[in-house]
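# An overview of the molecular structure
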Amino acid sequence: MRAPPLSLKARALRFLSMREHSRLELGRKLARHAEEGDDVEALLDFLEKNNWLSQERFAESLIHRKASRYGNSRVVAELQSHGVNGEALAELKSELAESEMARAVEVWRRKFGTVAQDAPERAKQMRFLMARGFSQRAVREALKGAPDDDDC
């Protein structure tokens with residue numbers, strides 16, 4: 001015997017119990033299951049009013065998951081694709097900028113660990129970090145090697 005289909009609200013709560021979602025993302029997921037007469041926007045408003053859906057929590061969650069592996073431009077692009085913009089996005093950008101150099105060095109260290117000895121290896125390391133969304137300034141700092149390397 002099959003279980004009855006979940007209501008739109010039950011689906012929304014199931015999605016939110018797994019991880020934080022942006023309003024845009026959750027709206028897209030719920031629209032696939034909406035039947036005639038279901039008001040997805042009203043449900044999203046209800047979830048936000050009860051603080052079950054929060055754009056701030058979503059942004060913090062996404063940054064927490066992605067910042068240790070990716071640069072600012074990649075994280076910001078993903079936030080924008082999820083509908084985070086305006087003043088909240090500017091504030092998040094400034095927070096990310098403070099730690100970008102350290103994050104680039106850490107990603108470089110995990111992947112390569114040693115300073116490149118020749119131009120092709122240096123170019124390879126540079127392409128890797130640039131593809132991860134790090135700024136040119138952060139990439140240059142990372143390719144110098146970690147500051148701890150000089151102490152050994």
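A brief report on the enclosed structure follows. Quick caveat, the model's predicted, so the values are computed rather than measured.

### Thoughts on the side chain of His21
On the secondary structure map, His21 appears in the loop between helix 1 (8–18) and helix 2 (23–31). Of the polar contacts made by the side chain of His21, one reaches the backbone oxygen of Phe15; its length is 3.5 Å. Within polar-contact distance, the side chain of His21 engages the side chain of Lys29 at 2.9 Å. Each residue touching His21, except ones within four places of it in the same chain, is listed here: Phe15, Leu16, Leu26, Lys29, Leu53 and Phe58.

### Focus on the nonpolar core
Core analysis: the biggest nonpolar cluster contains 13 residues, and Ile63, Val75, Leu79, Val84, Leu92 and Leu96 have the highest contact counts within it. Sorting the residues of this core by element identifies helix 4 (55–66), helix 5 (72–81) and helix 6 (87–111) as the ones contributing at least two each. A total of four residues in this core trace back to one element, the largest contributor, which is helix 4. Sequence-distant contacts of Leu92, that is, excluding residues within four places in its chain, are made with Ala59, Ile63, Leu79 and Val84.

### Looking at the packing of helix 5 against helix 6
For the pair helix 5 and helix 6, the least separation of the axes is 9 Å and the interaxial angle reads 155 degrees. One finds that helix 5 runs roughly antiparallel with respect to helix 6. Classified by chirality, the crossing of helix 6 by helix 5 is right-handed. In contact with Asn72, Val75, Val76, Leu79 and Gln80 of helix 5, helix 6 contributes Leu89, Leu92, Lys93, Leu96, Ala97, Glu100 and Arg103. For the contact of helix 5 with helix 6, a count of residues per class yields seven nonpolar, two polar and three charged.

### As for unusual backbone geometry
With a phi angle near 60 degrees, Asn51 is a residue other than glycine that sits in the positive phi range. Mapped onto the elements, Asn51 comes out in the loop between helix 3 (40–49) and helix 4.

### Side note on the packing of aromatic side chains
Inspection of the entire model under this criterion finds two aromatic pairs. Pairing Phe46 with Trp52 gives two aromatic rings, centres 5.7 Å apart and planes at 75 degrees, and the pair type is edge-to-face. When its relative accessible area of 30% is taken as the criterion, Phe46 is described as partly exposed. Directly above the ring of Phe15 sits Lys29, whose terminal nitrogen or CZ lies 4.9 Å from the centroid.

### Observations concerning a negative patch on the surface
A cluster of acidic side chains, namely Glu56, Glu60, Glu87, Glu91, Glu95 and Glu98, defines a negative patch on the protein surface. Elements with a minimum of two residues in the negative patch: helix 4 and helix 6. Here Glu91 is to be found in helix 6. Residue Glu91 is classed as partly exposed on the basis of its relative accessible area of 47%.

### Re a nonpolar patch on the surface
On the surface, a cluster of nonpolar side chains totalling about 250 Å² of accessible area is made up of Leu13, Phe46 and Trp52. The topology assignment puts Leu13 in helix 1. Residue classification places Leu13 among the partly exposed positions, given a relative accessible area of 33%.

### What about the pattern of salt bridges?
Applying the stated criterion across every chain yields a total of seven salt bridges. Note that Glu20 and Arg57 form a salt bridge whose closest N and O atoms lie 3.0 Å from each other. Of this pair, Glu20 sits in the loop between helix 1 and helix 2 while Arg57 is found in helix 4, placing the two residues 37 residues apart along the sequence. Across the salt bridge formed by Arg23 and Glu41, the nearest N and O atoms sit 2.7 Å from each other. Within this pair, whereas Arg23 is found in helix 2, its partner Glu41 is found in helix 3, the two being separated by 18 residues in sequence.

What counts and how
- Residues numbered from 1 in each chain as written.
- Predicted model: local features only at pLDDT ≥ 70, side-chain atom pairs only at ≥ 80, totals over all residues.
- Heavy atoms only, no water.
- Helix = DSSP H or I, 4+ residues; strand = E, 2+ residues; numbered from the N terminus.
- Polar contact = N/O pair within 3.5 Å; in protein donor to acceptor, adjacent residues only side chain to side chain.
- Contact = heavy atoms within 4.5 Å.
- Core = buried A, V, L, I, M, F, W, Y, C linked by side-chain atoms within 4.5 Å.
- Buried < 20%, exposed > 50% of the residue type's maximum accessible area, 1.4 Å probe, protein only.
- Axes fitted to C-alpha atoms, helices over the stretch in contact; angles between N-to-C directions.
- Parallel < 35°, antiparallel > 145°, perpendicular 65-115°, else oblique.
- Left-handed = near helix turned anticlockwise from the far one by under 90°.
- Nonpolar A, V, L, I, M, F, W, Y, C, P; charged D, E, K, R; others polar.
- Phe/Tyr/Trp six-rings, centres within 6.5 Å; stacked < 30°, edge-to-face > 60°.
- Lys NZ or Arg CZ within 6 Å of the ring centre and 35° of its normal.
- Patch = residues over 30% accessible without salt bridge, like charges linked within 9 Å, V, L, I, M, F, W, Y side chains within 5 Å.
- Areas by Shrake-Rupley, 256 points an atom, 1.4 Å probe, with all protein chains shown as cover.
- Salt bridge = Lys/Arg side-chain N within 4 Å of Asp/Glu carboxyl O.
- Lys, Arg positive; Asp, Glu negative; His and termini not counted.
- Charge placed at Lys NZ, Arg CZ, Asp CG, Glu CD.

Note that every value here comes from positions in space, so none of it alone points to a role or purpose.
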